[in-house]
Amino acid sequence: STPAAICGTGTVVLGATASTGTINWYSALTGGTSLATGASFTTPSIAATTTYFVDATANGCTTATRTSVAATVNAIPTITASTPASRCGTGTVVLGATASAGTINWYAAATGGTSLATGASFTTPSIAATTTYFVDATANGCTTATRTSVAATVNAIPTATATAATTTTLCTGGSVVVNANTGTGLTYQWLNNNAPIATATNASYTATAAGSYRVLVSNASGCRDTSTAVAVIVNTIPTITASTPAS
């Protein structure tokens, strides 16, 4: 006998050979009427694994017992969840997916092509722009009908610059305005000697103390850049500590 399998609901073609006579197909081990005769039998559409039975008749003699032949219906796996991911600037992105069963396969296209990798997670090659990958699953020879898209997003990194409006060598009590580059959706954090200044969250900062001033610029995607430093030097104003009157 020749069992067979399909993926999902449908018909299955079973087979059998006999030493002689006519082959008869049944839905039960005993009793009932023959569903069909012949070396092959196409089942009706079935949604679950079903066992059929076969015997043979020759010259009025019939096989003592019927032989079972399985028509197996394997479930088609599905992608039950996917996890897109993002990064700032060029580099790799780790994507994720889960399936109802089987092996998860990753592709560069919605159809065709060869699998890039298998598994619940996939690390992309280094990419400089947002790229869409695709995923399906295979179990018992059955593959998801369509692939699921999973986005690897590359967000731009803002450029941070800091420049002083005037000279950065001051006398005690003086000040200098340090300006950052401006743009839509940017936020700012000023640093002095790499320590955040609590009140310095605007595009410019008035420095009155000596130090090394930088600005951390972030955009709406959470990507950030830190400027080069602007060094501010504060010189002490000399005082007259003694005088000598003339005689």
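Calculation notes
- Every chain is numbered on its own, with residues counted from 1 as its sequence reads.
- Residue-level local features of this predicted model are given only where pLDDT is at least 70; pairs of side-chain atoms are given and counted only at 80 or more, and the full residue set underlies all totals for whole chains, interfaces and linings.
- Side-chain measures were taken over the full set of non-hydrogen atoms in the model, leaving aside hydrogen atoms and water.
- Numbering of helices and strands runs from the N terminus; a helix is a DSSP stretch of H or I covering at least four residues, while a strand is a stretch of E covering at least two.
- Burial here depends on accessible area, computed with a 1.4 Å probe over protein chains only, as a share of the maximum for the residue type. Under 20% is buried, over 50% is exposed, and the range in between is partly exposed.
- Two strands form a pair only when DSSP identifies at least two bridges running between them.
- Working convention: axes come from line fits to C-alpha atoms, limited for helices to the stretch in contact. Angles between N-to-C directions cover 0 to 180 degrees.
- Salt-bridge detection follows one rule: a side-chain nitrogen of Lys or Arg within 4 Å of a carboxyl oxygen of Asp or Glu.

Draft legend 1. Looking closely at unusual backbone geometry. Positive phi, normally seen in glycine, also occurs at Asn140, with a value near 55°. Note that Asn140 resides in the loop between strand E15 (131-139) and strand E16 (142-143). Here Asn140 falls in the exposed class, since its relative accessible area comes to 63%. Phi is positive for Asn193, close to 55°, though the residue is something other than glycine.

Draft legend 2. Up close: the pairing of strand E26 (residues 230-235). The sheet contact formed by strand E19 (residues 169-171) and E26 spans 3 bridges and is parallel. Looking across to E26, one finds that Cys171 is bridged to Asn235.

Draft legend 3. Structural view of the sheet that holds strand E18 (residues 162-164). Read from one edge to the other, the open sheet built from 3 strands follows the order E18-E20-E23, with strand pairing classed as antiparallel. The open sheet has two edge strands, E18 and strand E23 (204-207), and neither has a second partner. Taking the axes of each pair of neighbouring strands and ignoring which way they run, one obtains an average angle of 25° across the sheet. Alignment of strand E20 (residues 176-180) against E23, held across 4 bridges, turns out to be antiparallel. Across the sheet, the residue bridging to Val176 is Ala207, located in E23.

Draft legend 4. Molecular detail of the pattern of salt bridges. By the definition in use, this model includes 2 salt bridges. Arg66 is the partner of Asp55 in a salt bridge, and the nearest nitrogen-oxygen pair spans 3.7 Å. You can see Asp55 sitting in strand E6 (residues 50-58) and its partner Arg66 sitting in the loop between strand E7 (61-62) and strand E8 (67-74), a full 11 residues away along the chain. Of the two residues, Asp55 and Arg66, neither departs from the other in class, the shared state being buried. The partner of Asp136 in a salt bridge is Arg147, with the nearest N and O atoms 3.6 Å apart. Separated by 11 residues along the polypeptide, Asp136 in strand E15 and Arg147 in the loop between E16 and strand E17 (148-155) bring together distant segments of the chain. With a relative accessible area of 4%, Asp136 lands in the buried category. Since its relative accessible area comes to 19%, Arg147 is described here as buried.

Spatial relationships are all this shows, so hold off on functional conclusions.
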